[in-house]
Every structure is written in C-alpha cells, then in structure tokens.
Amino acid sequence: MSFPKGFLWGGATAANQYEGGFDEDGKGLTAVDVTTNGSATEPRKVTWKKADGTTGFSPMVWGSDFAVPADATPAVLPDYYYPSHGGTDFYHHYQEDIELLANIGCTTFRFSIAWSRIFPTGEESEPNEAGLAFYDKVIDECVKRHIEPCITLQHYDTPLALVQKYGGWADRRLIDLFEKYATVVFKRYAGKVHYYTTFNEINAMDEAPYLGGGLTDPTPQNRAQGAHNQFVASAKAVRAAHKIGSDIQVGMMLAYQPVYPETCNPKDQVAAMLNMERGLFYADVQAGGEYPKSRLIQYQREGIKLDDTPEDYELLKQYPADFLSFSCYTSSVVTADRSRNENAQGNLGGGTVKNPYLETNAWGWATDPDVLRLALNNLWHRYHKPLFIVENGLGWADEVAADGKIHDDYRINYLRYAVQSMKDAITEDGVDLIGYALWSAIDLVSNGTGEMKKRYGLVYVDRDDWGNGSLKRTPKDSYYWYEKVIKSNGEDLA
C-alpha cells in the first residue's frame, strides 16, 4: 500500500502574491494592495490616509498590536512599493505557468480567485464579466491539461472597499456578500471545478487579523466577530455549492503545525495543549460543526458577546466543511515560561523556543522530517474528514548559478522528508489524504515579508524585491525532482 491511485499531486499559489494585474479589466483593490514590501527584519506596512490629507502607515505586526488609526482609511500612496500589484504576473503568464505544471505531470493546481476581480467593491449587483472571463481561461487551460483546479475563494484579500466601508469581516453584512460571490463562482464553473476552500488559513483571524479579515481595529471582540462571520459565510457557501452540484466539494483551510512541549514538566504539557486547542478551534467549528465549550467560556470570561442568531448555529451544524485542507511548514516547541520567546518566526503564538533537534533556515523556520505525519494523524483522528495538504514548502534565497540553473538541493531534501512523511501517514496509519499541493508552484511574493528573495517555487521567476526583472521562468532542480515523484506516484524520492 502506498499513495492511492488518483492521488492529486500539484502546486499552490495565491492571487495576492502571484496574480498581478491589480488594476486591469475592472478589478478592485484589496486589503493587501495597500500593504508594502518588507523583509525578515522590517515588517510590511499598511498605508493610510486621513480626511485632512495626513498620510502614514501601521506596521503589520502579528496579533492585536496592529491597528489603523480610527480617523484614517487604508489607501495606496505614492513613494511606496506594493508587491501585490504585480506579483509574478500570472495574469499575463497563466498559459506558460500551467504548461510548466502539466509538463511534470501535476494533477492539481491550487490557486485563488480574487473576490474584487469578480465584484470590485464587493457590493455590485452584477459580477464583472471581464474578471470571470480571465478565470474562464485559467480553468479551461487546467481542464485541457487534465489538472484539477482547487480554488480558494478568499486568500488574504478582502475587497478594500469593504474594509474601508465596514471595517472588514467584523461586520455581518459581509456574510451575504460573500455568499453571493461564492454562488456566482460555483455556478460559473459547475462541472469544471470540484474542489473549493472558502477562507485561506481561517485561523489567521487570531494572529494576522488584517490579512485574514481586513480588520483595521482588531480588538478581541472584533476578531471573535470576524471569525464568527466567516464561519457562517463558509457554511452558507457549502449550502449553495451543494444545491448547484453534488460533485462540488467545499472544504476549509487551516494554518496548522504540531506543537511539542519543551519538557515533561506538566506545565509545559498544559501550555502545549492550550496552544493546540487555540489553533484547532477554527477546525472544531468548520469541520466539527459547533463551537467548543472552552471557546465559549473564554468569550464569557473576556466579555465578548457575538452578534449572532440561532440560525447561525444551525447552519454551522448542517453545513460543515466537506474536507479539511491545511498548510503545514514546520512544528513548534512551547514552554510554560512566557518570558522566553527565542524563535517566534513561523510559530503560532508566543512562548515558543528553538527545537535543538532541528535545523532552521534564514527566517527561523525549522525543518521537521515527521511534521506532516504528525499533522495528518492529529487532524484525521480528531475530525475524520478527508484531508488535503494545500501548502507545504521551503522558503530560501535561491540564486542563479554560473551555469544558468538553480540548484536547490536544500528544497529537494525538505520535500523528500515531506513526501515520506505523508507516505507513512497513509501506509502505516491509514489516513485519508486527497492530495498534496506544495507551496509554491511558481515563485511568488512572500506573504509574511513581502519579499521576492524568500522564494518557495519549483520555478524561478526573474523579479526582485522592488519589482524589477524580466519575469522569465526557469525551472529549478526541484522541479525535475518533483516530476520523478509525481510520475512514480510518490515512490521515487531519490
């Protein structure tokens, strides 16, 4: 027994990091379109403007420390570079990029549709036909090449007009607007697209609420409300999809990483448990269909009161996610000593420390050879839903060698561990895994830092941190290695 017949092998991308064409064919701005570039040491910035003409920015730090001034509106300003505007220009290279995937035998391509390309402000009465026409071409190109599209409906790109007008997902009005958008997409691509996810890394509402929900004032109350509104919107999307076609599967998408306690000290064990429960709350609701009591107790303790209805909870119960997709790059180590925070980068929450048994890259992310097996088992035994890994990969400052090639043995080593880890979960543990879409198919802008230098792709794109370059695509060594993996259905990892 190994990878099952029909297992989906492919790569993943996101419109806000990859697509480009930010103002072409009627597309509206998104929350990310007012987010600048940054680096490993300099945070990205959300730029804004006040009514009196004053401009400024808010550093995009993790957690509730981020906020846009109450009297300011997120806006594009001169003299800043916004990497989402161009990405790596999939908008004009989609045929070439999909051909690159097809040439190595990929059978799935996870990408996102930009909501604001379909409804530029989110509130139009009719969709933007030019936006739909673009995705028509992308999807038809995939289908022609026997590549199964896996589409994310919102990947960190709430329409900016909804951020400016309503404060993003903290407002319930976005629920029905999202349902309308999702329904248009489901109907348009019925019979062609069978896998959707609603919100990318929905638990980002806790750690990156501006990206996850367009929240400009991410108080605990607003984050809780934003999450609730996305839960309800997702359930409504599942309901709409099932009415349109029985072959449409709508999943959830979680940012997930296994957590190790630093020691056998019971307090470290409890710290690890609480960290895990915090991250899995979102899957408990979307995959499990109801709020865990621990989260309701927390809301009561913190004085959080949701703007909700009895119908909300019926929807969550009746229309949970059809499958659970997730990103998983690394693991983290947690200690009960909250004063220590040796390696927060890449980890969910504070109180994390370095794992002495694992190597890390320049951005502090550890390579854990068993992380996918652990993640898959944890999620499978908790939810008993089909699983789909839609992000996993290694960011590195790849360079073109003197021979004109990109020799990324470090990425091949990382991916070799990943494939073996998945294989162990399937063959040894009986986990139901649909497929694997590594991050990323093609080089794109790093979400966390806004850099091009931090590259994940199997294919190198000639573009630098400031948008300069020819955009020429060059397959890396890992591209050809992955071809062997796909064609052997995960058997040839040499």
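Residues numbered from 1 in each chain as written. Predicted model: local features only at pLDDT ≥ 70, side-chain atom pairs only at ≥ 80, totals over all residues. Heavy atoms only, no water.

(A) Representation of the side chain of Glu19 within the structure. Among the structural elements, Glu19 can be located in the loop between helix 1 (15–18) and strand 2 (45–50). A polar side-chain atom of Glu19 sits 2.7 Å from a polar atom in the side chain of Arg117. Setting aside chain neighbours within four positions, we find Glu19 in contact with Ala14, Gly86, Asp89, Phe90, Tyr91, Ser112, Ala114, Arg117, Phe134 and Tyr135. (Helix = DSSP H or I, 4+ residues; strand = E, 2+ residues; numbered from the N terminus. Polar contact = N/O pair within 3.5 Å; in protein donor to acceptor, adjacent residues only side chain to side chain. Contact = heavy atoms within 4.5 Å.)

(B) Layout of the confidence of the model for the protein chain. The predicted model of the protein chain averages 94 in pLDDT, with 97% of residues at 70 or higher. Note that pLDDT drops below 50 for residues 343–350; the model gives that stretch 22 contacts with residues more than four away or on any other chain. (pLDDT = per-residue confidence, 0-100.)

(C) Up close: the pattern of salt bridges. Taken as a whole and judged by the stated rule, the model has 29 salt bridges. Here Asp171 ties to Arg173 by a salt bridge, and the two come within 2.8 Å at their closest N and O atoms. Sharing partners across several salt bridges, the network here consists of Asp398, Asp408, Arg411, Asp443, Arg455 and Lys476. (Salt bridge = Lys/Arg side-chain N within 4 Å of Asp/Glu carboxyl O.)

(D) Representation of helix 15 (residues 477–487) in the model. Turning to helix 15, its buried residues are Ser478, Tyr479, Trp481, Tyr482, Val485 and Ile486. Along the long axis of helix 15, the arc covered by the buried residues comes to 160°, so they all point the same way. If you follow the buried residues of helix 15, they end up packed against strand 1 (8–12), helix 2 (90–103), helix 14 (409–427), strand 16 (433–439), strand 17 (459–461) and strand 18 (473–475). Downstream of helix 15 by one or two residues, Asn489 has phi in the positive range, about 55°. (Buried < 20%, exposed > 50% of the residue type's maximum accessible area, 1.4 Å probe, protein only. Arc of directions from axis to C-beta.)

(E) Spotlight on the side chain of Glu148. Topologically, Glu148 is positioned in strand 6 (residues 148–154). One buried charged side chain, Glu148, makes no salt bridge at all; its nearest oppositely charged neighbour is Lys192, positioned 12 Å away. Of note is the side chain of Glu148, whose polar atom sits 2.7 Å from the side chain of His194. In contact with Glu148, other than residues within four places in its own chain, are Leu8, Thr107, Thr108, Phe109, Lys192, Val193, His194 and Tyr195. (Lys, Arg positive; Asp, Glu negative; His and termini not counted.)

(F) Molecular detail of the environment of Asn103. By secondary structure assignment, the location of Asn103 is in helix 2. Along the backbone, Asn103 and Val390 are 287 residues apart, and their C-alpha atoms lie at a distance of 20 Å. Each residue touching Asn103, except ones within four places of it in the same chain, is listed here: Tyr479, Glu483 and Lys487.

(G) View of the sheet that holds strand 9 (residues 259–261). The sheet built from three strands is open, its strands ordered 9-11-12 with mixed pairing. If you trace the sheet from one side to the other, it starts and ends with strand 9 and strand 12 (352–353), each paired once. Strand direction decides the pairing type here: strand 9 and strand 11 (residues 332–334), joined by three bridges, are parallel. Across the sheet, Val259 pairs through a bridge with Ser332, a residue of strand 11. Relative to strand 9, helix 10 (residues 266–286) is tilted by about 165°, and along the sheet it contacts strand 9 and strand 11. (Pairing = 2+ DSSP bridges. Axes fitted to C-alpha atoms, helices over the stretch in contact; angles between N-to-C directions.)

(H) Spotlight on the nonpolar core. Phe326, Tyr436 and Tyr482 are the most contacted members of the largest nonpolar core, which totals 120 residues. Leave out the neighbours within four places in its chain, and Phe326 touches Met253, Leu254, Tyr256, Ala375, Leu376, Leu379, Leu387, Phe388, Ile389, Val390 and Glu391. Core analysis: the next-biggest nonpolar cluster, separate from the first, contains 16 residues, Val46, Phe66, Val68 and Ala208 among them. (Core = buried A, V, L, I, M, F, W, Y, C linked by side-chain atoms within 4.5 Å.)

(I) Expanded view of the packing of helix 9 (residues 220–244) against helix 12 (residues 310–318). As a packed pair, helix 9 and helix 12 sit with axes 9 Å apart at the nearest point and diverge in direction by 55°. The orientation of helix 9 with respect to helix 12, classified from their angle, is oblique. Seen along the crossing, helix 9 lies across helix 12 with a hand that is left-handed. Residue-level contacts link His228, Phe231, Val232, Ala235, Lys236 and Arg239 of helix 9 to Glu311, Asp312, Tyr313, Leu315 and Leu316 of helix 12. Tallied by class, residues from the contact of helix 9 with helix 12 come to six nonpolar, one polar and four charged. (Parallel < 35°, antiparallel > 145°, perpendicular 65-115°, else oblique. Left-handed = near helix turned anticlockwise from the far one by under 90°. Nonpolar A, V, L, I, M, F, W, Y, C, P; charged D, E, K, R; others polar.)

(J) Looking closely at the sheet that holds strand 5 (residues 108–112). Pairing is parallel around the closed barrel formed by eight strands, whose spatial order is 1-5-6-7-8-10-15-16. Averaged over all neighbouring strand pairs, the angle between strand axes comes to 25°, with direction disregarded. In the sheet, strand 6 pairs with strand 7 (residues 195–199) via four bridges, with the strands oriented parallel. For Ile151, the partnering residue across the bridge sits in strand 7 and is Tyr196. Against the sheet, helix 6 (residues 173–188) touches strand 6, strand 7 and strand 8 (249–255), its axis set at about 165° to strand 6. Of the strands in this sheet, strand 7, strand 8 and strand 10 (324–327) are in contact with helix 10, which crosses strand 8 at around 165°.

(K) Region of the structure containing the UniProt feature "active site" (unreviewed entry) in the protein chain. In the numbering used here, UniProt assigns the feature "active site" (unreviewed entry) to Glu391. Relative to the helices and strands, Glu391 resides in strand 15 (residues 387–391). Looking at Glu391, the relative accessible area reads 4%, which means it is buried. The contacts of Glu391, once residues within four sequence positions are left out, are Arg110, His155, Asn200, Glu201, Met253, Phe326, Ser327, Cys328, Tyr329, Ala437 and Trp439. In terms of polar contacts, Glu391 uses its side chain to reach the side chain of Tyr329, at 2.5 Å. (UniProt positions renumbered as here; feature names shortened; annotations may be inferred.)

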